[in-house]
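Structural description and commentary
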Amino acid sequence: MSKPAKAATLKPRLPRGLIDRGPAEIAATQRMLQTIRESFELYGFEAVETPFIEYTEALGKFLPDLDRPNEGVFSFQDDDESWLSLRYDLTAPLARYVAEHFDALPKPYRSYRAGYVFRNEKPGPGRFRQFMQFDADIVGAPSVAADAEICMMAADTLEKVGIARGDYVVKVNNRKVLDGVMEAIGLGGDDQAGRRLTVLRAIDKLDRLGVDGVRLLLGPGRKDESGDFTKGAGLSDASIDRIIRYVSFQAAPTVGGDRLAFWESFFGGWSDVVGDSETGRQGIAELHAILRLCEAAGYGHDRVRADPSVVRGLEYYTGPVYEAELTFPVVGEDGQTVRFGSVAGGGRYDGLVGRFRSEPVPATGFSIGVSRLFSALQIIRSPIVAGAAGPGPVVVLVLDREEIAAYQALVARLRGAGIRAELYLGAAGLKAQMKYADRRGAPCVVIQGSNERAAGEVQIKDLIEGARAAEAIASNAEWKAARPAQFSVPEDEMVARVREVLDRHFS
């Protein structure tokens, strides 16, 4: 009688736009996050944590500005029919947190947060549906001095994680200047809010799509490589030309060595673009003030500079906006040299907290794209992300399964001394157990057969030293005779001798 056919097994599949991470990457990421954390704390910021899930109305319709709450964000209804959403950034949840605890918090309130955010968008190369951000914000400070501090902290943080000065720049713009340009082309007023947002999002793609791609998005629309069509803002050719002239504006640094005089000349060119818009001229004045403050603190044009192409795609920004961009070239898989681009960005969002309160609450902050920064640090081989996850556990092998309690006691003794250790829990023999220890990255194993147990001893095998010695030994017979890096010690000395092995390789 034939055996019944085995049922089909479930195919293991990772959803599109998501990634798995192993121990080495996790450990390296944690080292990077700790460096960022220390940089933020040096500026007086303190940690706060908000949940992954918020009421959809608390997040707002900022990503994107459409009627359906699950467009752009992952949303679901609670049992009381309230809409809930996975957070799409860390800024909107902070606004809710500050408003809810407003009276108990010091103002200005400096906080930082790290965590995953979620985007219900079409995934692609470098575009994920779940990714980590690390934010720092100042709430309750209306002065652009707060924006200057954020820009300076962004510069400091990049250098501390291993980005050399000259390989990055913090670029600053002001949405008020952009609003002035919008007014100049007839897109002022609340009734044009939707088209203004379309324009801003088009400009925000300048680095990725270039001038020609942005022109299409400002005009009739653009079809991407996959055939998907994005509807454009429908602007006239004259309006498109004015916007392109603004975002592409460059001033020649010909005013001697006087950087502030250079900025006077730079913004003088912008004034022609914003025309008579008072909002635009206010934005130019704020930008000038930020750069003066940065200059006074030693953050010159090589680290913090104005750039009209920075717009940021989210609707809630109301003033200065900034991006930290890496400027060193990277050779892609196709052999082409590309720029790595932005690894952090943010700006002023004075209206976001005020949605929950009757009075306005000024706020500004920025967000580091953790995965993108991590990739950049890998490319430049920053020491922060170099190396493995660290030593694996000491593995206590099991030669006699009737004595499992005795082996467990050895493991407990190691753990009690603060040494990472585990008992082999499989059913394989000695050779397979040694292979397991090697895969675990174990620095050494503890072996105890019946003879060692009777003598009150254990054998310790230094796997790292053993691998080195084995490479230098020509024959199998010679290896067996040498028994490299394996030695017997009394049980009472096991902890001390294991620690010697760890100190030799990892101290």
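Residues numbered from 1 in each chain as written. Predicted model: local features only at pLDDT ≥ 70, side-chain atom pairs only at ≥ 80, totals over all residues. Heavy atoms only, no water.

A closer look at the packing of aromatic side chains
Within this structure, the stated rule accounts for 9 aromatic pairs. Arranged with centres 5.7 Å apart and planes meeting at 40°, the rings of Tyr112 and Phe134 form a pair that is tilted. Taken together, the positions of Tyr112 in strand β5 (residues 109-118) and Phe134 in strand β6 (residues 130-139) put the pair 22 residues apart, joining distant regions of the chain. For Tyr112, a relative accessible area of 5% gives the class buried. For Phe134, a relative accessible area of 0% corresponds to the buried category. A network of ring pairs unites the aromatic residues Phe40, Phe45, Tyr112, Phe134 and Phe366 as a single cluster. One Lys or Arg, Lys107, reaches over the ring of Phe102 and ends 4.2 Å from the middle of that ring. (Phe/Tyr/Trp six-rings, centres within 6.5 Å; stacked < 30°, edge-to-face > 60°. Helix = DSSP H or I, 4+ residues; strand = E, 2+ residues; numbered from the N terminus. Buried < 20%, exposed > 50% of the residue type's maximum accessible area, 1.4 Å probe, protein only. Lys NZ or Arg CZ within 6 Å of the ring centre and 35° of its normal.)

Let's talk about the environment of Lys461
Within the secondary structure layout, Lys461 lies in strand β17 (residues 457-462). Along the backbone, Lys461 and Cys444 are 17 residues apart, and their C-alpha atoms lie at a distance of 5.3 Å.

Digging into the sheet that holds strand β18 (residues 486-490)
Taking strand neighbours across the sheet as the criterion, the 5 strands line up as β15-β14-β16-β17-β18 in an open arrangement whose pairing is mixed. The open sheet has two free edges, formed respectively by β15 (421-423) and β18, since each of these has just one partner strand. Neighbouring strand axes in the sheet, compared pairwise and without regard to direction, differ in orientation by 25° on average. Sheet analysis places strand β14 (residues 394-396) next to β15, joined by 3 bridges and oriented parallel. In the strand pairing of β15, Val394 is matched with Ala421. Contacts from helix α12 (residues 404-416) reach β14, β15, β16 (444-447) and β17, with the element oriented near 170° to β15. The sheet contacts of helix α17 (residues 494-506) involve β14, β16, β17 and β18, and relative to β17 the element is tilted by about 5°. (Pairing = 2+ DSSP bridges. Axes fitted to C-alpha atoms, helices over the stretch in contact; angles between N-to-C directions. Contact = heavy atoms within 4.5 Å.)

Details of helix α8 (residues 237-247)
Within the span of α8, buried status applies to Ser239, Ile240, Ile243, Ile244, Tyr246 and Val247. All buried residues of α8 fall inside an arc of 160° around its axis, so they share one side. Exposed side chains of α8 directed beyond 90 degrees from the buried face belong to Asp237 and Ala238. (Arc of directions from axis to C-beta.)

So, the packing of helix α5 (residues 175-184) against helix α10 (residues 278-296)
At a closest axis distance of 7 Å, the pairing of α5 and α10 adopts a crossing angle of 155°. The orientation of α5 with respect to α10, classified from their angle, is roughly antiparallel. Judged by the sense of rotation from one axis to the other, the crossing of α5 with α10 is left-handed. Residues Lys176, Val177, Asp179, Gly180 and Glu183 of α5 lie in contact with α10, whose contacting residues are Thr279, Gly280, Gln282, Gly283, Ile284, Glu286 and Leu287. (Parallel < 35°, antiparallel > 145°, perpendicular 65-115°, else oblique. Left-handed = near helix turned anticlockwise from the far one by under 90°.)

Observations concerning the pairing of strand β4 (residues 83-86)
Looking at chain direction, strand β2 (residues 53-55) and β4 are connected through 3 bridges and run antiparallel. Following the sheet pairing, Ile53 is matched in β4 by Leu86. Pairing geometry for strand β3 (residues 75-77) and β4, over 3 bridges, is antiparallel. Along β4, the bridge assignment pairs Phe76 with Leu84. Connecting β3 to the antiparallel partner β4 that follows it, the hairpin turn spans 5 residues, and Glu81 within it adopts a positive phi of roughly 70°.

Describing a nonpolar patch on the surface
A surface patch of nonpolar side chains, about 260 Å² in accessible area, is lined by Phe52, Ile53 and Phe76. Take Phe76: it is sitting in strand β3. On the basis of relative accessibility, which here comes to 36%, the residue Phe76 falls in the partly exposed class. (Patch = residues over 30% accessible without salt bridge, like charges linked within 9 Å, V, L, I, M, F, W, Y side chains within 5 Å. Areas by Shrake-Rupley, 256 points an atom, 1.4 Å probe, with all protein chains shown as cover. Salt bridge = Lys/Arg side-chain N within 4 Å of Asp/Glu carboxyl O.)

Some points on the nonpolar core
Counting 75 residues, the largest nonpolar core has Phe40 and Phe366 as its most contacted members. Element by element, the count of residues in this core is highest for helix α4 (residues 144-160), at 10 residues. Look past the residues within four positions of Phe366 in its chain and what remains in contact with it is Phe40, Phe134, Asp135, Ala136, Asp137, Ile150, Met153, Ala154, Tyr322, Ala344, Gly345 and Gly346. (Core = buried A, V, L, I, M, F, W, Y, C linked by side-chain atoms within 4.5 Å.)

Quick look at the side chain of Thr50
Here Thr50 lies in the loop between β1 (46-47) and β2. Residue Thr50 is classed as buried on the basis of its relative accessible area, which comes to 8%. Here Thr50 is in contact with Arg87, Pro93, Arg96 and Tyr97, once residues within four sequence places are set aside.

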